[in-house]
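# Topology and contacts: notes
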Amino acid sequence: MLPIHVDDVPTTEIGQGITLRELPGPSPLSFWVVDFEPGAQWPGIDVHETVGEGYYVAEGEVIEGDQRHGPGTYVVLEPGSSHQPRTETGARVFGYNYPAP
């Protein structure tokens, strides 16, 4: 057992107003928390050529194209997909990446 408080995990700045916390977990999955400040947008198109992604919106709202995802929403992006999330309110999302089958 390895209990971790996510706010104690060091951050990496992804873009203006966006930070990433990488969490431990079983390989080949990667687990993470991303925090968006209000008005932040992912810096460029996030292309998932060889991995898929799933994320859960814990706080705030994430906007993907014309869809708005509020707290409690789980979003899945298949390998080969792309997106550019943004937010007006700020958001915290918990997610993971997985290799293509």
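An account of the accompanying structure is given in this report. From a predicted model like this one, the values you see are computed outputs, not experimental measurements.

## Digging into a nonpolar patch on the surface
A cluster of nonpolar residues, Tyr56, Tyr74 and Val76, forms a patch on the protein surface that exposes about 300 Å² of accessible area. With respect to the helices, strands and loops of the structure, Tyr74 is situated in strand 8 (residues 74–77).

## Some thoughts on the environment of Val62
Among the secondary structure elements, Val62 is positioned in strand 6 (residues 62–64). Remark: the alpha-carbon pair of Val62 and Gln41, spanning 21 residues in sequence, is separated by 9.5 Å. The contact partners of Val62, leaving out residues within four places of it in the chain, are Tyr55, Val57, Gln67, Arg68, His69, Pro85, Arg86, Ala91 and Val93.

## A few points about the pattern of salt bridges
Evaluated as defined, the whole model comprises 6 salt bridges. Across the salt bridge formed by Asp35 and Arg21, the nearest N and O atoms sit 2.6 Å from each other. Of this pair, Asp35 sits in strand 3 (residues 30–36) while Arg21 sits in strand 2 (residues 18–23), and the two are 14 residues apart along the sequence. Residue classification places Arg21 among the buried positions, given a relative accessible area of 11%.

## Things to note about the nonpolar core
In terms of nonpolar packing, the biggest core is built from 14 residues, with Ile18, Trp32, Val34, Phe36, Tyr55, Val62 and Val93 touching the most fellow members. Listing elements by their share of this core, those giving two or more residues are strand 2, strand 3, strand 5 (51–60), strand 8 and strand 10 (91–99). The element that contributes the greatest number of residues to this core is strand 3, accounting for 3 residues.

## Concerning the pairing of strand 1 (residues 12–15)
Across 3 bridges, strand 1 lies against strand 2 in antiparallel orientation. Considered in strand 2, the bridge of Thr12 is made with Leu20.

## Focus: the sheet that holds strand 5
Two orientations exist for strands paired in a sheet by backbone hydrogen bonds: parallel and antiparallel. The sheet built from 6 strands is open, its strands ordered 1-2-3-10-5-8 with antiparallel pairing. Two strands close off the open sheet at either side, each with one partner strand: strand 1 and strand 8. Strand-to-strand twist of the sheet, defined as the mean angle between neighbouring strand axes without regard to direction, takes the value 25 degrees. Note that strand 2 and strand 3 share 6 bridges and pair antiparallel. When the bridges of strand 3 are listed, Thr19 appears paired with Asp35.

Criteria and thresholds
- Residues numbered from 1 in each chain as written.
- Predicted model: local features only at pLDDT ≥ 70, side-chain atom pairs only at ≥ 80, totals over all residues.
- Heavy atoms only, no water.
- Patch = residues over 30% accessible without salt bridge, like charges linked within 9 Å, V, L, I, M, F, W, Y side chains within 5 Å.
- Areas by Shrake-Rupley, 256 points an atom, 1.4 Å probe, with all protein chains shown as cover.
- Salt bridge = Lys/Arg side-chain N within 4 Å of Asp/Glu carboxyl O.
- Helix = DSSP H or I, 4+ residues; strand = E, 2+ residues; numbered from the N terminus.
- Contact = heavy atoms within 4.5 Å.
- Buried < 20%, exposed > 50% of the residue type's maximum accessible area, 1.4 Å probe, protein only.
- Core = buried A, V, L, I, M, F, W, Y, C linked by side-chain atoms within 4.5 Å.
- Pairing = 2+ DSSP bridges.
- Axes fitted to C-alpha atoms, helices over the stretch in contact; angles between N-to-C directions.

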